[in-house]
Structure formats: C-alpha cells, structure tokens
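Descriptive analysis of the structure
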Amino acid sequence: MSILVSGAGIGGPHFAYWATKAGFDVTVIEKAPKLRKSGQNVDIRDAALEIIKRTGTYEQILASSTGEEGLYVVDANNRVWGSWLVDKSGKNASPTSENEILRGTLADVLYQATKERVEYIFGDHITAVTDLDDGVQVGFASGKPERKFDLLVCADGMYSSTRKLIFPELGKTCLKSLGVVMAYFAVPLQKTDDMFARVWTTTAGRCLFIRPDKLGVMRSFLITRKTAIFDDIYKVSPEKQKQMFYEAWQGAGYETQRIIDGMMKDDDFYVQDVIQVKTETWSRGHSTLLGDAGYCPSVFTGMGTSLAILAGYVLAGELMVAKKGDKVDVAQALEGYQAKLRPYVLEVQQLPPGFPLLALPQSRLGALAVRVVFAIASLLTPLLVYLQGGGIELEYKLPAYEWPDAADK
C-alpha cells in the first residue's frame, strides 16, 4: 500500500513511523524547503505518552526538553498565588510536563526516526486531489508529474491547504474562533530568572504566559481578547503586528515592558487566532484528516500534540487491521479510525463554559478572581491526583494492535 502524507510536522512523521512498521510505503511532502525548526512548547500526555515510548524516542525527547520545573500563577509584584511542580506521570497532574519540548525539536526527533524508510519531499505541496475507485491522484505545485497513491493523509495543520482540496465546501466554516489572539516569540533569559513558567492575568482581557528554556531564552505568549484593534492583524507585516501588540501592552506592568521590548527584536515571531477545527467527518474517498487539520482542540487544552500522536497510531493500526492479503480495505480502515478516536476527540475539545474569555477579564476585580480560581485549582490538584491514583486522566483505552515487530506490541 502506498500512502502520501501532507505535512512534516509532528503528526505526519509519527504516523509514518507506525505505517512503515505495518509494512506500508510512505511518502511525506512538506511545503517548507526544509524541516521547520520553529515553534513553541508542546508536550505529550495520556495514552500518547505510552505510544511515543514504544517508538524508542522518549529518552531523546527528555534529553531535548526545555528544562521547565513547574508553573507559578503570579500577581503584578511576582507574588505566587498558585503553583504546580513539573508533572512526571504524563497524566495531567500539572499544567507543565517533564517532556516539555519545542515543536520543531520534536518534529526533528520524529523525522530522524523515520527518514531511512520514508520518502521525504521538501519544498513542494499538493495542488490537486482526484479521488479514484482504487486510490487518489495527486498534483504538485512544482509541476512534477501527478502520482497515484492508495491513501492521502492530510496532516498539515489547522489552516490546512490540503483539507480545502478534499473538502472544498467547508471553507472556513470548520474553524471555530474562541475570540482570542496570541503572539508567540522569545526573549533572552536574565540572571534573575528561574526555571518556573509564570502566568499573569491583568485588565483589558490580557494574559502574559512566559516559559523558560535551558537554551537561554524565555518563550513568551501575549494572550489577548480579539477586539476591534486586531481586526486587520493578518493584513499587515510582522513588524506592524508587533507594533499592534506593543501598543496594546504598553504600560501593563509586571514584566511586560521587558517582554514587549524583546518581542520587537525577535525574528521567530508569529500571531495566531486561537481556534478549534470541527468537522463532521474526517475522511472522503481515499483521503483523510489527521491531527489539527481535522480536529484541532486549541492551545488551551494542551492536547493538540497528544491527539496527533494518538491519531497516527490508531490510523496506522486500523489500516493494518483492514489488510486482507496484499490489499487494504481503505473504507473499513477509515471508518474504524474515526469510530475509535472521535468520541475521545470530542471530549478533549469540550471546554469549560465561558472559557477562555472568562479567564481574560476586563477589570482588576476580574483579574483578582482569576488568580483566586487558579490558587484554588493548584490546591485541589494534589487531592484529585490522589483520588485518581496518580494522575487526572482522560479516559481512553488504547487499541491493542498486533504489530509485525513484537517489540512494538
């Protein structure tokens, strides 16, 4: 069976790992001219952690982690209102995990683990998709001859261009905005910084989230309600985007002057709406969606990477189960993939009522209330962890697939 994967981020190469284990031929195509090393923190939780350990890459992931030691909720004077130590269980016992790693670093780990048995094509992307009775015909932006594959897996992110080719009627209707815009960038660590992340909520619907990295930088997130001043943010240059955030945060207090001054000098800056991707079905013909392209849960869940890892394992496993002789019943595999994973995805996507806007208050009293809620949550977490036997797990029973290599069972 031949499989084309669009996207060499995390979900695509991870799926390729298991698909090649199952004996399939996999090609991964990536629009960027080389592997993207940029991006902010991600981590791996719940059943996805068990899956990634089976790939043999987990020790490398730990060695490449950011070194974050925990999370503090602070006020404008840097007084701690709530705190969590780093979670070493992988079961949501803390908002920060021992496997915190940069998105680009994790993508590279998975690329290195698969490059010897996967065909990678960089600097090209899919421009045409034609479903056939026995596969899918794909055209390329480079003008290279069209190629036929048995299956197309779309794993190129929440703004996926390939999804538009598979489901042209969706347009932007599958993108559900949460009313929040975020700026991502990094500033240098100072000698006075420790290795604890910090969250500070202030007025006018703003929240600052800073995360230290043993590489010597502070990964920084400016989280803001998407008010009218940000309406044209995607129509202007990155420098103008920086200026918009700079003006919105000028004089906010706490560490913000240092952070926004550093933002103006950083080259790895980008802005993103906080959205969820919601589709009724993930597959059509011989094409399917994987990870954020089909069901982005939003950055606020902390589960986007874990869902992509879980999805890659389940999709590859279902393709293997649907193999009959030298043929694969693609329809059966895609049906099994969605049936086994969709209920869990919907659970992960379910946010508390009013969230995240209630966590981005307009007034000082509202900001105080948010800190109090965080403080109570940090006190209750150890009790919940104890009652649930060492972690706060989202229930998902990992399917038991009989992989050809007994070491991967």
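For clarity, every value in this text was computed on a predicted model and none was experimentally measured.

**Notes on the state of the cysteines**
One pass over the full model with this rule turns up zero disulfides. Not engaged in a disulfide, the cysteine C154 finds its nearest cysteine sulfur in C174; these two sulfurs lie 10 Å apart. C174 provides the cysteine sulfur closest to C296, a residue in no disulfide bond, and the two sulfurs are 10 Å apart.

**Describing the sheet that holds strand β10 (residues 147-149)**
Reading across from one edge, β8-β9-β10 is the order of the three strands in this open sheet, with antiparallel pairing throughout. Whereas interior strands pair on both sides, the edge strands pair on one side only; in this sheet they are β8 (126-132) and β10. Sheet twist, expressed as the average angle between the axes of neighbouring strands with direction ignored, equals 25 degrees. Where β8 meets strand β9 (residues 135-140), six bridges bridge the pair, whose relative direction is antiparallel. Pairing of T130 across the sheet is with Q137, part of β9.

**Brief notes about the environment of P356**
Summarising the element assignment, P356 is placed in the loop between α10 (330-349) and α11 (364-387). Overall, the relative accessible area of 2% leaves P356 in the buried class. In this structure, the C-alpha to C-alpha distance between P356 and G325, residues 31 residues apart in sequence, is 50 Å. Sequence-distant contacts of P356, defined by excluding residues within four places in its chain, comprise L178, V180 and F300.

Cut-offs applied
Residues numbered from 1 in each chain as written. Predicted model: local features only at pLDDT ≥ 70, side-chain atom pairs only at ≥ 80, totals over all residues. Heavy atoms only, no water. Disulfide = S-S within 2.5 Å. Pairing = 2+ DSSP bridges. Helix = DSSP H or I, 4+ residues; strand = E, 2+ residues; numbered from the N terminus. Axes fitted to C-alpha atoms, helices over the stretch in contact; angles between N-to-C directions. Buried < 20%, exposed > 50% of the residue type's maximum accessible area, 1.4 Å probe, protein only. Contact = heavy atoms within 4.5 Å.

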